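Residue-level structure breakdown
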Amino acid sequence: MANIKFGTDGMRGIAYEQLTLDIAYRVGNALGRIIDGCRIAIGRDTRVSGEELSKALTDGLVAAGGSALDCKLMPTAGVSYITKKYGCDFGVVISASHNPPEYNGIKVFDSQGFKASESVEKKIQELIDESPIQKTAVGEVKEFEESQDEYAQFLIDKGADLSGMKILLDCSNGASVKIAPKVFKALGADVTALYTSEDGNLINADCGAVNAHLLADKAKGYDVTFAFDGDSDRLIALDGDGEIVDGDKNLLIIGKYLKERGELSANIVVGTSMTNLGIEKAIADLGADFVRVDVGDKYVMRKLVEEGGVLGGEGSGHTIMLNESATGDGVQTAVILAKIIKESGKTLSQLAKVEIYPQIIHSVTVKSKEKVLADKEVNKALQEWKTRLDGIGRIILRPSGTEQKIRVMVESTSNETNEECVNNLTNLIAKVE
């Protein structure tokens, strides 16, 4: 029945077309059937469709005898925090993260605030294809907007006195608009906050983490600029010169900080197949091991849990600190980075100094990801490039987990080689289409 499936970060699609109110209702109903008397915490970003999708999901849950704490506008990590703190069975976030305003999504967390396992997602997927149930004794929905203050205080407690620091925030017109400015002002920083509208038509629109490069001029004159995405689980920073400090460099800065304090559990940092080789070498220079997993913060999380580590992330801005939280948290990462800047007495550009391999990531919109990935000519070219780059770089060809796109990533010691490789592969992909 359902054409929409769980991907690398929950369900995601165009609201009302792919992610319908009926699907949301069925997901809520499924959660209520998985655990009798199920209790969830639910939050959302500012998207226009968010309120209706949230209501549909909770209606389905209540019909199955479950109940909900409605946190209203809340970052993804805030829902994770509240879920665990209040002993809920699941946490649910209605958000399409960094995607455009017309999209929306459903993310599910377990009782400990971790992303739901694939087995739970599979069970939900099975149940939404069945007829929803309606119990005679239904549950209830309780509004819990105070949760925003509780989450903000949790973040404030992680920080340091930032008096004297001048900080620019880009809240992406998303879930961080009520949280991030409050947190950094409470820590004593001189704060300027941009893109703080709650108009869901503006979420991620020429702003936020995916558009951080647009802040280059605005960032000059500030000690640091922090740009969040729509649900605030990503952070991209900019230094005082307007240069981007991405998730890869966050790993290095925070990894060094934890290593120096003897707090880098298992002596590992977990990245993905897309993490720059320069970061891998810099982590090794710290005397720590760098471990790669597939793209997706849930895979990073699983590896950390498996190995007993605490730090991992992605270049896109997901940074996971298991010693602090159960999921990636853009505002918390910003709080920790600001703390490191203040305590070290160094600028962000000094902290982020590392030799990065030239890298190009190009996304190609396709009709069939499976057809492209199975094409003989594409795979032949891919193997030839892997042979050519052996010892001097890497190439990755992978499907997007949330969009109808193929990602081509190449990095090497030569940007000219990178461009030649990307052009070659993207042309072949176009021929397949």
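This text follows the structure it describes.
Criteria and thresholds
- Residues numbered from 1 in each chain as written.
- Predicted model: local features only at pLDDT ≥ 70, side-chain atom pairs only at ≥ 80, totals over all residues.
- Heavy atoms only, no water.
- Salt bridge = Lys/Arg side-chain N within 4 Å of Asp/Glu carboxyl O.
- Helix = DSSP H or I, 4+ residues; strand = E, 2+ residues; numbered from the N terminus.
- Buried < 20%, exposed > 50% of the residue type's maximum accessible area, 1.4 Å probe, protein only.
- Pairing = 2+ DSSP bridges.
- Right-handed = clockwise from strand over helix to strand, strands pointing away.
- Axes fitted to C-alpha atoms, helices over the stretch in contact; angles between N-to-C directions.
- Parallel < 35°, antiparallel > 145°, perpendicular 65-115°, else oblique.
- Contact = heavy atoms within 4.5 Å.
- Nonpolar A, V, L, I, M, F, W, Y, C, P; charged D, E, K, R; others polar.
- Core = buried A, V, L, I, M, F, W, Y, C linked by side-chain atoms within 4.5 Å.
- Phe/Tyr/Trp six-rings, centres within 6.5 Å; stacked < 30°, edge-to-face > 60°.
- Lys NZ or Arg CZ within 6 Å of the ring centre and 35° of its normal.

**Focus: the pattern of salt bridges**
Counting across every chain of the model gives 28 salt bridges. A salt bridge links D36 to K135; its shortest N-O distance comes to 2.7 Å. Of this pair, D36 sits in the loop between α1 (21-34) and β3 (39-44) while K135 sits in the loop between α4 (118-128) and β7 (141-143), placing them 99 residues apart in sequence. Residue class for D36 comes out exposed when judged on its relative accessible area of 66%. Classification of K135 as partly exposed rests on a relative accessible area of 30%. Between R261 and E260 there is a salt bridge, with the nearest N and O atoms lying 3.9 Å from each other.

**Quick look at the sheet that holds strand β9 (residues 190-194)**
One open sheet holds the five strands; their spatial order is β9-β8-β10-β11-β12, and the pairing between them is mixed. The strands lining the two open edges of the sheet, one partner per strand, are β9 and β12 (244-245). Pairing between strand β8 (residues 166-170) and strand β10 (residues 224-228): four bridges, direction parallel. Directly across from D170, in β10, lies its bridge partner A227.

**Let's talk about the pairing of strand β14 (residues 289-293)**
By the bridge criterion, five bridges tie strand β13 (residues 268-272) to β14 in an arrangement that is parallel. The residue bridging G271 from the neighbouring strand is R292, located in β14. Each parallel crossover has a hand, and for β13 linked through helix α8 (residues 277-285) to β14 it is right-handed.

**Comments concerning the packing of helix α7 (residues 247-260) against α8**
Remark: α7 packs on α8, axes separated minimally by 10 Å, with the N-to-C direction vectors making an angle of 5°. As judged from the angle between their axes, α7 and α8 are roughly parallel. Here D248, K249, L251 and L252 of α7 come into contact with α8, specifically with I279, A282 and I283. Of the residues contributing to the contact of α7 with α8, the split by class is five nonpolar, no polar and two charged.

**So, the nonpolar core**
In globular proteins that are soluble, nonpolar side chains generally tend to be buried together. Membership of the largest hydrophobic core comes to 63 residues, with the highest contact counts inside it found for I167, L169, F184, F226 and L311. When residues of this core are assigned to their parent elements, the largest contribution, eight residues, is made by helix α10 (residues 330-344). Those residues in contact with F184 that sit more than four places away from it in its chain are L162, I167, L169, A189, V191, F226, V331, A334, V335 and A338. Formed by 26 residues, the second largest nonpolar core is a distinct cluster that contains F6, L61, A68 and L127.

**Some points on the side chain of D239**
Relative to the helices and strands, D239 is located in the loop between β11 (235-238) and β12. Excluding residues that lie within four positions of it along the chain, D239 makes contacts with A219, V245, L348 and S349.

**Observations regarding the packing of aromatic side chains**
This structure, assessed with the given rule, holds five aromatic pairs. Measuring from ring centre to ring centre gives 6.3 Å for Y81 and Y151, while their planes differ by 45°; the resulting arrangement is tilted. Taken together, the residues span a long stretch of sequence, with Y81 in helix α3 (residues 76-85) and Y151 in helix α5 (residues 146-156) at a distance of 70 residues. Through pairs of rings, three or more aromatic residues link up here, namely Y81, Y151 and F154. Sitting above the plane of the Y222 ring, K166 keeps its charged end 5.0 Å from the centroid.

**A short note on the sheet that holds strand β18 (residues 393-399)**
Spatial ordering of the open sheet is given by β17-β19-β18, a layout of three strands whose pairing is antiparallel. Looking at strand neighbours, the two that pair on one side only are β17 (359-365) and β18, the edges of this open sheet. Direction aside, the axes of adjacent strands within the sheet are offset by 10° on average. By the bridge criterion, seven bridges tie β18 to strand β19 (residues 405-412) in an arrangement that is antiparallel. Note that in β19 the partner of R398 across the bridge is R407. In this fold helix α13 (residues 376-389) packs onto β18 and β19, with an angle of close to 155° to the strand it touches most, β18.

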